[in-house]
Structures are given as C-alpha cells and as structure tokens.
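If you want the building blocks of each chain, they are given just below.
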Amino acid sequence: MRGNAEYMARYLKPFGWEYVVVDIQWYEPSADSSKYHAFAPLVMDEYSRLLPAPERFPSAAKGQGFRPLADYVHSLGLKFGIHIMRGIPRQAVHANTPILGTDKRARDIAHTNSICPWNTDMYGVDAHKEGAQAYYDSLFALYAEWGVDFVKVDDIAASRLYDCHPDEIRMIRRAIDKNGRPMVLSLSPGPAPLEYAELFRKHANMWRMTDDFWDDWHLLRAMFERCEKWMVHSGPGHWPDADMLPLGHIGIRNVDAGGDRWTRFTKDEQVTLMTLWVIFRSPLFFGGELRDNDAWTWSLLTNEEVLTVHRQSYGNRQVYRDEDRVCWMAYAPSGDIYVALFNLSDVPATIDVSFPELGVASGRFWVRDLWAREDLGERTDGLEPKIPAHGAVLYKLSSTEASI
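I will try to describe carefully the structure that is included in this document. Everything quoted here is computed from the prediction, not taken from an experiment.

Right, let's talk about the pattern of salt bridges for a bit. Going through the model one piece at a time under the given rule, you end up with 24 salt bridges. Across the salt bridge formed by Lys129 and Asp126, the nearest N and O atoms sit 3.9 Å from each other. Salt-bridge contacts for Arg291 lead to Glu289; the nearest nitrogen and oxygen are separated by 2.8 Å. For Glu289, a relative accessible area of 13% translates into the label buried.

Okay, here's the thing in structure tokens:
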C-alpha cells in the first residue's frame, strides 16, 4: 500500500489521482488471494468493530488501526480509503459482544437471515432494532479517528439474494453525517437496480452499476448499454460507477479472474475503455500494481487533455448507437464540444457523425484528436474517422463559426 501510494504521489497526483484505497478483507489475518476463507477468525475490537490485521498491516499493531497508514498517505498529499462489508461481523454476533454507545449487544441488532452469498464475514443489521444505528455510528466514528476519506461498502447496492439494502444505506449515511468527517461513500456491488437511482443519488456519492468488471471484451461491450441507461443520473456529487480500470499488471494474487497477468485488453480496447469511462464520467479507479506500469499504461492515466474531459465536461450523453457504431458527446465550459466515436465491431470501420446530430445547425470547427494530441484541421459537415476493431477516438471541436 505504501509503495503504490508513493508511486501515485510522484507520478499520478499531478494529474488529479488522489485516493489510495485498501480493498476487501484487511481484517482477515490469513487472507492471501481472491479466494475467501470461510468463517476464518477476524481481528475485532471489544465493541464488535473489525480492525486491520497486524500480520498484514504491521503499523496497525497495538490497536492503532489504520491511523498510521492513513497518516502516511496524507503526508504524501493523498487521501485514504477502505473497503468494508455491509453489516456486523458474524463473529461478534456469535460471541454477543458489546456495541459502543448502547446497552444493546451484537445479537440484538443482527439480521441473521441477511447474509452475503459470496462471503461469510458478516450478518446484516436490522434497522428496526434498537442499537442498530449506534453500531454504524460507532463504526464510522472509528473510521473518522483513523482519518478515512473514502469508504466503499460492499454487498449493499445489489445482492443476488436480497436486492438492494435501503435501510442500511440510510443508516450509513446518517453515521457519516454524524461523525463530522467528510467521506466519499461508494456502494457496491452491481448491477445496482435502476429503480433505486434516487436513493443512491440522495445517500451515496457513487454506486456500482455493474458486477465485477474485468479485462474481457464482452464485459466492456456490455458496459455501453449500462452507461446509456444510467447517464441521466450522473452529476456533481453522485456518480454511477463502471468499476475499476483493469489495466497494466493486474490479478497478482487473483485466482478467479485469470491469475497473475497483464491486462488482456488490446491497446485499442484499452483506449475504448478509458474513452467510455471519461465521456460517461465514471469514477476512475486503477486496479493494478502501479509500480509495474509501462510507458503505455502510464500514458493512458496521464493524458491531461483526456482527463480534462473527465473533470470538466457536462451534458454527457449518447448521441446514437447503431449496433456496433456508437457516438457520445459532451460540452466543455469553454463552449467546445467533445465527441467520442466507438467501433465495437471485429473489423476496422468508418464511424461518422454529422454536426446536426450533435445539435450544431451549421458552422466550422477546428478538430483536435485528444488521444493523439494533434490537430486534424477544420471540418464543416461532420466527422468520419476510420477506427480499428474495438477501438475509439476522442475529439474536441472548437467553433470558429458556429450556431449551436
């Protein structure tokens, strides 16, 4: 974690990357891969709250929790985040341990029929039970003491068994607001049900609209439909999340998704991935070992012109989808227009869009290719680049004489 944070601070922070997040099961001493050890003993304090395992995070020894690691990340000018599972540890419920701030105990608030289908660590919390809110309040008070800036809560936005968990989402939101420390709230996994869009917008900052996303072309192709459905619910402070960027050296200890490898996406597919996430304005999370990045991977993460689209664009929408031909657009604060064209077919193809399709009645535009970082000259009618199979282009159109 420290090594990746140091890389981010040195090479990526100047481009806007700022959160370093510890992923799942930091409290499980024997965790060694993506395979969970069912009912393994967990590190827990006297108030039913999970703590980082000192065997894996030595700075957490003597009850210090993540405070030393968070302090180190903050010293680099970055922000610190953690992943947690919804609910209360089963271990706490079985031992019926106390809950801070109430005379109720773990067994009093547990919803023992509300379980995660793929992980055995937790029971759900029954919001109707006295002491339930106190548990979540104590949990996020602890995270505030550690200096946490970002919390991803798993098994809550959607579940193969129970759909969404609105009551626990609301309790978590109240707990964050009560502790007084700003924290980004991310909900997972997906696909988040579209009918809960307003709930997510009101209580969370981002939510997964997909199941785990890996370096598989069919998963990337399917993301276009998800982005089209969720685009109207995206905006400042509340972002549908297309999941991580599986680029570079990934899956170091992952035995479920291909093992230790570099991304299976071709370079053209990697450009498509980044272009869709940017024009849709999904949160950008890199999922690999940063210190192994090659020049190509680094270039994808540090193209300032492309990242400006992600930071500043608005009115982002799909213009059309015609089977394997897709066009998205957005506006810049300057009045420039961003256009992303995608070729989802298995062969090179010309993908076109006319200026009227972009809402431009007439005019002249200077076209810049943002990935290539080169000007393409003036256009008066539209765009029609030839794009490689599974590839994309991202253009900025600057009006020289236009009526929009």
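Turning our eyes to something else, we now look at helix α9 (residues 267–280). If you check α9, its first and last C-alpha atoms are 20 Å apart, about what 14 residues at 1.5 Å a residue would give, namely 20 Å. Counting buried positions over the 14 residues of α9 gives 12, a clear majority of the element. Buried within α9 we find Glu269, Gln270, Val271, Thr272, Leu273, Met274, Thr275, Leu276, Trp277, Val278, Ile279 and Phe280. Positive backbone phi, at 65 degrees, marks Arg281, one or two positions downstream of α9.

All right, on to the packing of aromatic side chains then. According to the stated counting rule, one finds 23 aromatic pairs in the structure shown. With a centroid separation of 5.5 Å and 40 degrees between ring planes, the pair formed by Tyr143 and Trp146 is classed as tilted. Here the residue Tyr143 and the residue Trp146 both occupy positions in helix α5 (residues 132–146), the gap between them amounting to 3 residues, near one helical turn. The exposure class assigned to Tyr143 is buried, which follows from its relative accessible area of 3%. The rings of Trp26, Tyr27, Phe57, Phe66, Phe80, Phe140, Tyr143 and Trp146 are connected pair by pair, giving a single aromatic cluster.

To continue, consider the sheet that holds strand β5 (residues 122–125). Across the sheet, 3 strands lie side by side as β3-β5-β4; this open sheet has antiparallel pairing. Two strands close off the open sheet at either side, each with one partner strand: β3 (88–89) and β4 (110–115). For β4 and β5, the ladder comprises 3 bridges, and the chain directions are antiparallel. Looking across to β5, one finds that Ile115 is bridged to Tyr123. Of the strands in this sheet, β3 and β5 touch α5, which is tilted by about 120 degrees from β5.

Viewed as axis vectors pointing N to C, α5 and helix α6 (residues 166–179) meet at an angle of 45 degrees, and their least axial separation amounts to 8 Å. Of the possible angle classes, the one that applies to α5 and α6 is oblique. Crossing of α5 against α6: the hand is right-handed. Packed against α5, whose contacting residues are Ala132, Gln133, Tyr136, Asp137, Phe140, Ala141 and Ala144, the element α6 presents Glu168, Met171, Ile172, Arg174, Ala175, Ile176, Lys178 and Asn179 at the interface. Considering only residue class, the contact of α5 with α6 consists of 9 nonpolar, 2 polar and 4 charged.

In contact at an axis separation of 11 Å, helix α8 (residues 217–230) and α9 are set at 15 degrees when each is read in the N-to-C sense. Relative to α9, the element α8 is oriented roughly parallel. Between α8 and α9 lies a crossing whose hand is left-handed. Contacts between α8 and α9 pair Trp217, Leu220, Met223, Phe224, Cys227 and Trp230 from the former with Glu269, Thr272, Leu273, Leu276, Trp277 and Phe280 from the latter. Counted by class, the contact of α8 with α9 contains 10 nonpolar, 1 polar and 1 charged residues.

Now for the environment of Ser345. The topology assignment puts Ser345 in the loop between β14 (337–343) and β15 (349–350). Overall, Ser345 belongs to the buried group, its relative accessible area being 11%. A C-alpha to C-alpha distance of 5.7 Å links Ser345 and Ala389, two positions 44 residues apart in sequence. Discounting chain neighbours no more than four positions away, the residues touching Ser345 are Asp324, Ala389 and His390. Polar contacts involving the side chain of Ser345 include one to the main-chain carbonyl oxygen of Val347, which spans 2.8 Å.

We now examine the pairing of strand β7 (residues 184–187). As paired strands, strand β6 (residues 150–154) and β7 are joined by 4 bridges and run parallel to one another. By the bridge assignment for β7, Lys152 is matched with Ser186. Read as a crossover between parallel neighbours, the route from β6 over α6 to β7 is right-handed. Looking at chain direction, β7 and strand β8 (residues 206–208) are connected through 2 bridges and run parallel. Residue pairing across strands places Ser186 opposite Met206, the latter belonging to β8. Tracing the backbone out of β7, into helix α7 (residues 197–203) and back to the parallel element β8 gives a crossover that is right-handed.

A separate point is unusual backbone geometry. Excluding glycine, most residues fall at negative phi; most peptide bonds, likewise, are trans. Between Ser188 and the following residue, Pro189, the backbone shows a cis peptide bond with an omega angle of -10 degrees. Along the chain, Pro189 falls in the loop between β7 and α7. Cis geometry is adopted by the peptide bond preceding Pro191, which originates at Gly190 and carries an omega value of 0 degrees. A positive phi is found at Asp243, a non-glycine position, where the angle reads about 80 degrees. Relative to the elements of secondary structure, Asp243 occurs in the loop between β9 (239–241) and β10 (249–250). With a phi close to 55 degrees, Arg373 is a non-glycine residue in the positive phi region.

Attention shifts here to the side chain of Arg90. The topology assignment puts Arg90 in helix α3 (residues 90–95). Although Arg90 is buried, it forms no salt bridge, and the closest oppositely charged side chain is Asp121 at an N-O distance of 7.4 Å. In this view, Arg90 contacts Phe39, Ile115, Cys116, Asn119, Thr120, Asp121, Met122 and Tyr123; residues no more than four positions away in its chain are not counted.

Cut-offs and rules
Within each chain, residue numbers correspond to sequence positions counted from 1 in written order. Totals for whole chains, interfaces and linings use all residues, but because this is a predicted model, local features are given only for residues with pLDDT of at least 70 and pairs of side-chain atoms are given and counted only at 80 or more. Side-chain measures were taken over the full set of non-hydrogen atoms in the model, leaving aside hydrogen atoms and water. Salt bridge, as applied in this entry: a Lys or Arg side-chain nitrogen positioned within 4 Å of an Asp or Glu carboxyl oxygen. A 1.4 Å probe rolled over the protein chains alone gives each residue an accessible area, and that area as a share of the maximum for its type sets the label: buried under 20%, exposed over 50%, partly exposed in between. Numbering of helices and strands runs from the N terminus; a helix is a DSSP stretch of H or I covering at least four residues, while a strand is a stretch of E covering at least two. How far a helix is expected to stretch is found by multiplying one less than its residue total by 1.5 Å. Stacked, tilted and edge-to-face are the three classes assigned to paired rings of Phe, Tyr and Trp, where Trp is represented by its six-membered ring and a pair needs centres within 6.5 Å; plane angles under 30 degrees give stacked, over 60 edge-to-face, the rest tilted. Strands are labelled as partners when DSSP assigns at least two bridges between them. Between two residues, a contact is recorded if the distance between any of their heavy atoms is within 4.5 Å. Only the contacting stretch of a helix is used when fitting its axis, a line to C-alpha atoms as for every element, and angles between N-to-C directions run 0 to 180 degrees. If an angle is under 35 degrees, it is roughly parallel; if it is over 145, roughly antiparallel; if it lies from 65 to 115, roughly perpendicular; otherwise it is oblique. Two helices crossing with the near one rotated counterclockwise from the far one by less than a right angle form a left-handed crossing, whereas a clockwise rotation gives a right-handed crossing. When residues are grouped by polarity, Ala, Val, Leu, Ile, Met, Phe, Trp, Tyr, Cys and Pro land in nonpolar, Asp, Glu, Lys and Arg in charged, and all others, Gly among them, in polar. N or O atoms within 3.5 Å of each other form a polar contact, as long as, within protein, one can give a hydrogen and the other can take it, and as long as residues adjacent in sequence are counted only when both atoms are side-chain atoms. Handedness rule for crossovers: strands pointing away from the viewer, path from the first strand over the helix to the second running clockwise, crossover right-handed. Only four residue types enter the charge count, namely Lys and Arg as positive and Asp and Glu as negative; His and the chain termini do not.

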